[in-house]
Amino acid sequence: INHIVHNGGLYKRPFNEDFEETPMLVAVLTYVGYGVLTLFGYLRDFMRQWKIEKCQNATEREEQKDFVPLYQDFENFYNRNLYMRIRDSWNRPICSVPGAKVDMMERVSHDYNWTFTYTGRVIKDIINMGSYNYLGFAQKAGTCQEAAAKVLSQYGAGACSTRQEMGNLDKHEELEKLVARFLGVESAMAYGMGFATNSMNIPALVGKGCLILSDELNHASLVLGARLSGATIRIFKHNNMQSLEKLLKDAIVHGQPRTRRPWKKILILVEGIYSMEGSIVRLPEVIALKKKYKSYLYLDEAHSIGALGPTGRGVVEYFGLSPEDVDVMMGTFTKSFGAAGGYIGGKKELIDYLRTYSHSAVYATSMSPPVVEQIITSMKCIMGEDGTTVGKARVQQLAENTRYFRRRLKEMGFIIYGNEDSPVVPLMLYMPAKIGAFGREMLKRNIGVVVVGFPATPIIESRARFCLSAAHTKEMLDTALKEINEVGDLLQLKYSRHRLVPLLDRPFDETTYEETED
């Protein structure tokens, strides 16, 4: 289904998203594949129980068999019998900067992926299509590295205290003022961990008697933060404004369960770019609903800050909206800035409140000074405050790489999810056996990719996820595309029934569709 949205003038630009339906035969074969694997899993568990096959998973000692089980056998069934078969596709040890190319330590398994041994060989110059290095700031040379090294020699590696005690450095103050200027908000606060920025701050903002409306595909950090808050959580369908509006109407009409009192506050949780779908939030519509029903909006820009908008200021700039319309602007420094940590921006009253009541602010050790300097230097580069146009050129290069890569994959006949401007590009694999096969075949061809399966995705929607970077040259992308095309033919992954028509004289951002016959 191809969405092209204008919606009564809310959108100042075309909004194109593609979510092609899973072919029926592929869906049936995927379920059959999981069924066969599950049957063999039960058979192997039976053989392990009767000592016919050696049991290598964690179990209780014999003298503890009568205790409450420490390791839940059924909960670990998937890991033991399905994940273990393709475990070599994850946790691969990188031994270089996660730039456009990486070096990887070679490892082998002699017991079907239960354990790995290193051969001592390093696989050089693997094209990195998996890291969140959107703007190419993950590098071992250049102004960012030099500035971070200088700060390391002056401040050391760690602050050894919380911000409220002896860990509040001048660099932290400088970073927060810079982030506030970059976002166009009154104030901002930085945290040492992106995941904890969500999971520890949402409980400070809402609690019992409050209502959270969360997108069904929100990141685990948002889900954990919502659960820890004690607020009531209701889920709306992914990027579906009718579903969200219905929940808002019901919340206002019916109030809290049993008592029917009005909710203390209603908080909408959404992401800028959804990291598994490659879709972009319908922010103009979300803001319109938020204003109509007098609720609050929490926007997670982990993947969109730096990667979207003409000057890299995220999904708010991408849609030409005002930062004032978003109550809580959250993002991370781990992706576009090549560093670590996260931030929250908004009104000064909000940030002052979080400085006092946020668990991340009160109890967590403050950010490492060299990491802070990496963020400051890269952010100034994006803003053009370093006296160059390098930052702006990187943002534009990422946008060009994204459109080129997505268009070429569609021309080849793959099913690609997400928005045409999203640097997160999911390529659908579907069948469980093809998850491991795709990762292994690509590594053989010196391309590093991320493959994703259940439970991170729905059971029939396994995929490979590519992350584009401004550091990728056209030659690198063409090499990766050539190998993807070859592996796609080998594994029969070209499921799409909507083929793009390749026209050599067409600009890269124009698209023509033709419907292929079934």
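Conventions and cut-offs
Position numbers for residues start from 1 in each chain and track the written sequence from start to end. Confidence filtering applies because this is a predicted model: local features only for residues at pLDDT of at least 70, side-chain atom pairs given and counted only at 80 or more, and all residues used for totals across whole chains, interfaces and linings. Excluded from the side-chain calculation are hydrogens and water; included are all heavy atoms of the structure. By definition, no residue in a patch forms a salt bridge, and every one has over 30% relative accessible area; like charges are joined within 9 Å, nonpolar side chains (Val, Leu, Ile, Met, Phe, Trp, Tyr) within 5 Å. All accessible-area figures derive from a Shrake-Rupley calculation using a 1.4 Å probe, and residue coverage is judged against the displayed protein chains alone. Any Lys or Arg side-chain nitrogen located within 4 Å of an Asp or Glu carboxyl oxygen qualifies as a salt bridge. A run of H or I in DSSP counts as a helix once it spans at least four residues, and a run of E counts as a strand once it spans at least two, with each numbered from the N terminus. Using a 1.4 Å probe on the protein chains alone, a residue whose accessible area is under 20% of its type maximum counts as buried, one over 50% counts as exposed, and one in between counts as partly exposed. Counting of polar contacts relies on pairs of N or O atoms within 3.5 Å, with two restrictions inside protein: one atom must be capable of donating a hydrogen and the other of accepting it, and residues adjacent in sequence are counted only when both atoms are side-chain atoms. Contact definition: two residues touch when any of their heavy atoms are within 4.5 Å. Each residue gets a pLDDT score, which is the predictor's confidence in that residue and runs from 0 to 100. What counts as a disulfide here is a pair of cysteine sulfur atoms lying within 2.5 Å. Each domain's extent was defined by an automatic or database domain assignment. Defined in terms of a 1.4 Å probe, buried area is the accessible area two parts forfeit on being brought together, summed over both. Under the grouping applied here, Gly and all other residues not named as nonpolar or charged are polar, the nonpolar ones being Ala, Val, Leu, Ile, Met, Phe, Trp, Tyr, Cys and Pro and the charged ones Asp, Glu, Lys and Arg.

Undergrad: Could you give an account of a nonpolar patch on the surface, with specific residues and numbers?
TA: A cluster of nonpolar side chains, contributed by Met24, Val28, Val32, Val36, Leu39, Phe40, Leu43, Phe46, Trp50 and Ile52, occupies part of the molecular surface with about 1100 Å² of accessible area. Relative to the assigned elements, Leu43 resides in helix α1 (residues 24–49). On the basis of relative accessibility, which here comes to 43%, the residue Leu43 falls in the partly exposed class.

Undergrad: Give me the side chain of Gln256: which residues, what numbers.
TA: The topology assignment puts Gln256 in the loop between α7 (241–254) and β8 (266–271). Overall, the relative accessible area of 17% leaves Gln256 in the buried class. Of note is the side chain of Gln256, whose polar atom sits 3.2 Å from the backbone oxygen of Pro262. Setting aside anything within four residues of it in sequence, one finds Gln256 in contact with Gly209, Arg261, Pro262, Trp263 and Lys264.

Undergrad: Before we move on, could you go through the confidence of the model for the protein chain and cite the residues and values that matter?
TA: On average, the protein chain scores 91 in pLDDT, and the residues at 70 or more come to 94%. Between residues 1–6, whose pLDDT stays under 50, and residues either more than four places distant or in other chains, the model counts 23 contacts. Every residue in residues 503–518 is under pLDDT 50, and counting partners more than four places away or in other chains gives 30 contacts.

Undergrad: Which residues make up the state of the cysteines, and what values go with them?
TA: Counted by the stated rule, this structure contains 0 disulfides. Unpaired in terms of disulfides, Cys381 finds its nearest cysteine sulfur in Cys144, a separation of 6.4 Å. Judged by its relative accessible area of 7%, Cys381 is buried.

Undergrad: Hey, could you go over unusual backbone geometry for me, with residue numbers and the actual values?
TA: Of the consecutive residues Phe454 and Pro455, the connecting peptide bond is found in the cis state with omega at 10°. By secondary structure assignment, the location of Pro455 is in the loop between β15 (450–452) and β16 (462–467). Residue Lys294 is not a glycine yet carries a positive backbone phi of 55°. Its place among the elements puts Lys294 in the loop between α8 (283–292) and β9 (296–300). The phi angle at Gln492 is positive, at roughly 55°, despite the residue not being glycine. Of note, Gln492 is situated in the loop between α15 (474–491) and β17 (498–500).

Undergrad: Go over the domain arrangement of the protein chain with me, naming the residues and quoting the values.
TA: Once the domains are mapped, the protein chain shows domain 1 (23–128 + 389–497) and domain 2 (143–383). Each of domain 1 and domain 2 has a C-alpha centre, and these two points are 29 Å apart. At the interface, 19 residues of domain 1 touch 19 residues of domain 2. At the boundary of domain 1 with domain 2, total buried surface from both sides reaches about 1400 Å², with 60% on carbon and sulfur atoms. Of all residues in domain 1, Val395, Val424 and Arg465 give up the largest surface area on contact with domain 2, accounting jointly for 31% of the area buried on that side. In this structure, the connection of domain 1 to domain 2 is made through 1 salt bridge. Glu277 is the partner of Arg463 in a salt bridge, and the nearest nitrogen-oxygen pair spans 2.9 Å. At the boundary of domain 1 and domain 2, one finds 7 residue pairs in polar contact (both at pLDDT 80 or more). Residue contributions to the side of domain 1 that touches domain 2 peak at 6 residues, all from helix α13 (residues 390–412). A class-by-class count of the residues in the side of domain 1 that touches domain 2 yields 9 nonpolar, 5 polar and 5 charged.

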